[in-house]
Every structure is written in structure tokens, then in C-alpha cells.
Amino acid sequence: MPPRKPIYEGKAKQLFEGPEPGTLIQHFKDDATAFNNQKKGTISGKGVLNNRISEYLMMQLAAIGVPTHFVRRLNMREQLVREVEIIPLEVVVRNVAAGSLATRLGLDEGHVLPRSIIEYYYKNDKLHDPWVSEEHITAFGWANPQDLDDIVNLTIRINDFLSGLFLGANIRLVDFKVEFGRLWENDMLRIVVADEISPDSCRLWDMKTNEKLDKDRFRRDLGGLIEAYTEVAKRLGIMAEGEPPQGRGPVLVQ
Ligand code: 5GP
């Protein structure tokens, strides 16, 4: 097989040129970083789990009419996605105080917020992804008011839907980050969900015990990350009991 053309390498994923124009292959690595790259690690099997979980969540979103870049999973670590123009924002939704919000506002972790809150962060590693407002976003042209309207509407639907989906698995969706891209279809521009939605980008707590089933296990040196991600996959019904999370080499999905 000829070498594939790499397009972009991020902290936990890599993008390659896809088989057709307008497509990319998104490869999930086992690398984990936190605190803007200050903490680094490799957790064997993480990429395989995130590939499966993100595939499942993107397909569920598509089923309720939320457009995403996801096309299909190709193998244990890779999925085919539509090439989009990434909007340089991390859109964070919070239902329960945790992480940087708890620190910033001096709230106890676990404090249920009076209502869900949407925040925006400008995607820029050098600046450590600073918190920005709609004013900054439109003034600097990262997105226009129409894009932002679409982003807010989609984000509210995603939060409601995923909160219910996780609730059915006895998991509390504490907060999550989502990214969007612009996709041209003929003459129509659509805002679609891009990147991934996985325990790397969500805070997921067991409903009863509040046990963390997400990347905070790595950020806070709690251990047991693979077991936690596997538990999420099992509870969502996307991984059979006893199925090993480790995956080596491509396996074609029929
Ligand atoms: P916080 O601002 O509390 O650190 O993060 C809020 C939520 O957004 C968490 O669920 C966290 O996992 C997610 N998040 C924030 N920044 C990033 C990021 O750069 N990468 C990923 N994968 N998730 C992020």
C-alpha cells in the first residue's frame, strides 16, 4: 500500500488524505496530553476505544438529524470523515461544575449548575486556548453571527440528547467539548460537528458513585483509564462483554 499523505497531526489524533476528494482519514492515537501539553503519556488501547465511542455517538447524533463529519469507521483506529473547514473554537457545555469552571468561580465540583452553560475557547495552543466571548468570535471573524446561531442551536440539541443517552447508561454528562466545521454541499454551507466526542472530550461520572469515567483519570493520576473507557463502551452497548479493547493493525469493517 503506498504511504498515505499526512495532513495534520494533533495531540491524540492524526489526519491523512482520504480515498476521495473531500474526505480525510482520522486516526486515533494512544497518546494523551493534559494541561496544554505539560503532562504527556501513552495509554495502550485508548485510541481504539475512542474510535468506537466517537463513531457510536456521531451516528446517534446523525440519527436525530445533527449533521456531523463522520462517514464510517474503517478499522480499529481509523474512521473516514468529510473534510471540513474547522471553526477555531472549542465549544464547551457544562451541566455540573467541574474542572476549570469550578476553579475559576470557586465552585465545589459536583455542584449542579442552575442551567446548562455554553462557553467558547479560542483554539490556539500557544495561547493555551483562551476563554472568549461571542463578541471576540464575531469581531475577529472566527465565526459570523449566523454560524454562531447554528452552533448554539446544535450545541443545545447535542447536550440534551447526549445527557439523556448517557443517563440511560447510568452516566452523568458533567461537561463536554465539541468542535464544528463548515461543509459546502453544492451551493449550501452547513455547520457540522467535527473532531471527536469521546471520554477524552467529556466528563462522565457514574450516576450513583460519581466515579470518573473520563480523561480526568489521566489528568489527575487516578489510573484505570482503559477500564473506565471500556466501562463507558460496555454501558453504551457498543462493546461486548469480554471484548479486549486493544487493537493492532487494520480490520476492515464490512
Ligand atoms: P475544562 O475547561 O473544565 O478543563 O474542560 C471542560 C470540558 O471540555 C471537559 O469535558 C474537557 O474534557 C473538555 N475539553 C476542554 N478542552 C479540551 C481539549 O483541548 N481537548 C479535549 N479533548 N477536551 C477538552
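Our structure is the block above this text.
Position labels on residues start from 1 in each chain and follow its written sequence. Two thresholds apply to this predicted model, a pLDDT of at least 70 for residue-level local features and 80 or more for giving and counting side-chain atom pairs, whereas whole-chain, interface and lining totals are computed over all residues. With hydrogens and water set aside, each side-chain value is computed from the structure's full complement of heavy atoms.

## Re the environment of Ala32
Inference 1: Its location among the elements puts Ala32 in strand β4 (residues 31–34).
Inference 2: For each residue, the accessible area found with a 1.4 Å probe, counting protein chains only, is set against the maximum for its type, and the residue is called buried under 20%, exposed over 50%, and partly exposed in between. Judged by its relative accessible area of 4%, Ala32 falls in the buried class.
Inference 3: As for Ala32 and Lys11, which are separated by 21 residues in sequence, their C-alpha atoms are 6.9 Å apart.
Inference 4: Not counting residues up to four positions away in its chain, the partners in contact with Ala32 are Lys39, Lys40, Gly41, Ile43, Lys46 and Phe218. Runs of H or I in DSSP of at least four residues are treated as helices and runs of E of at least two as strands, each being numbered from the N terminus. In this analysis, two residues are considered to be in contact whenever any of their non-hydrogen atoms come within 4.5 Å of each other.

## Some remarks on the packing of helix α1 (residues 46–63) against helix α4 (residues 145–167)
Inference 1: Two elements in contact, α1 and α4, have axes whose closest approach is 11 Å; the angle formed by their N-to-C orientations is 120°. Relative to α4, the element α1 lies oblique. For the element pair α1 and α4, the recorded crossing hand is right-handed. The segment α1 lies against α4, with Tyr56, Leu57, Gln60 and Leu61 engaging Ile158, Phe161, Leu162, Leu165 and Phe166.
Inference 2: Three categories are distinguished: nonpolar for Ala, Val, Leu, Ile, Met, Phe, Trp, Tyr, Cys and Pro, charged for Asp, Glu, Lys and Arg, and polar for the others, with Gly belonging to the last. A class-by-class count of the residues in the contact of α1 with α4 yields eight nonpolar, one polar and no charged. Between the N-to-C directions of two axes lies an angle of 0 to 180 degrees, each axis being a line fitted to C-alpha atoms and, for a helix, fitted only over the stretch in contact. Roughly parallel means an angle under 35 degrees; roughly antiparallel, over 145; roughly perpendicular, 65 to 115; everything else is oblique. Handedness of each helix crossing follows the sense of rotation of the near helix against the far helix: counterclockwise by less than a right angle gives left-handed, clockwise gives right-handed.

## Considerations on the site of the ligand
Inference 1: A single heavy atom is enough: if one lies within 4 Å of a molecule or strand, its residue is considered near that molecule or strand. Near the ligand, the surroundings consist of 15 residues, among which Arg94, Ser100, Asp175, Arg203 and Arg219 are the closest.
Inference 2: The contact in question runs from an oxygen atom of the ligand to an N or O atom on the side chain of Ser100, over 2.6 Å.
Inference 3: Each polar contact in these results corresponds to two N or O atoms within 3.5 Å; when the atoms are within protein, one needs to be able to donate a hydrogen and the other to accept it, and residues that are neighboring in sequence are counted only if both atoms are side-chain atoms. One of the backbone nitrogen or oxygen atoms of Ser201 is found 3.4 Å away from an oxygen atom of the ligand.
Inference 4: In isolation the ligand exposes 490 Å². Once the protein is present, 81% of that is buried.
Inference 5: Those elements that provide at least two residues to the shell around the ligand are β9 (89–96), α2 (99–105), β12 (171–185) and β14 (202–206). A 1.4 Å probe and the Shrake-Rupley method give the accessible areas. Residues count as covered only by the protein chains that appear here.

## Some words on the side chain of Asp206
Inference 1: Structurally, Asp206 can be placed in strand β14.
Inference 2: Looking at Asp206, the relative accessible area reads 9%, which means it is buried.
Inference 3: Separated by 2.9 Å, the side chain of Asp206 and the backbone nitrogen of Lys208 make a polar contact.
Inference 4: Polar contacts involving the side chain of Asp206 include one to the main-chain amide nitrogen of Thr209, which spans 2.8 Å.
Inference 5: Not counting chain neighbours up to four residues away, the residues in contact with Asp206 comprise Asn170, Glu211, Leu213 and Arg235.

## A few points about the pattern of salt bridges
Inference 1: One side-chain nitrogen of Lys or Arg within 4 Å of one carboxyl oxygen of Asp or Glu is enough to make a salt bridge. If you walk through the whole model with that rule in mind, you get 30 salt bridges.
Inference 2: A salt bridge links Glu9 to Lys29; the shortest N-O distance between them is 2.7 Å. Within this pair, whereas Glu9 is found in strand β1 (residues 6–9), its partner Lys29 is found in the loop between β3 (23–28) and β4, the two being separated by 20 residues in sequence.
Inference 3: Taking relative accessible area as the criterion, Lys29 reaches 12% and is therefore assigned buried.
Inference 4: Between Glu55 and Arg73 there is a salt bridge, with the nearest N and O atoms lying 2.8 Å from each other. Here Glu55, found in helix α1, pairs with Arg73, found in strand β6 (residues 70–73); they are 18 residues apart in sequence, far enough to count as distant.
Inference 5: A relative accessible area of 14% means that Arg73 is categorised as buried.

## Quick notes on the nonpolar core
Inference 1: In this text, buried Ala, Val, Leu, Ile, Met, Phe, Trp, Tyr and Cys residues form a nonpolar core when linked through side-chain atoms within 4.5 Å. Residues Ile158, Phe166, Phe180, Ile197 and Leu236 are the most contacted members of the largest nonpolar core, which totals 49 residues.
Inference 2: Filtering out sequence-adjacent residues up to four positions away, Phe166 remains in contact with Leu57, Ile171, Leu173, Leu204, Val232 and Leu236.

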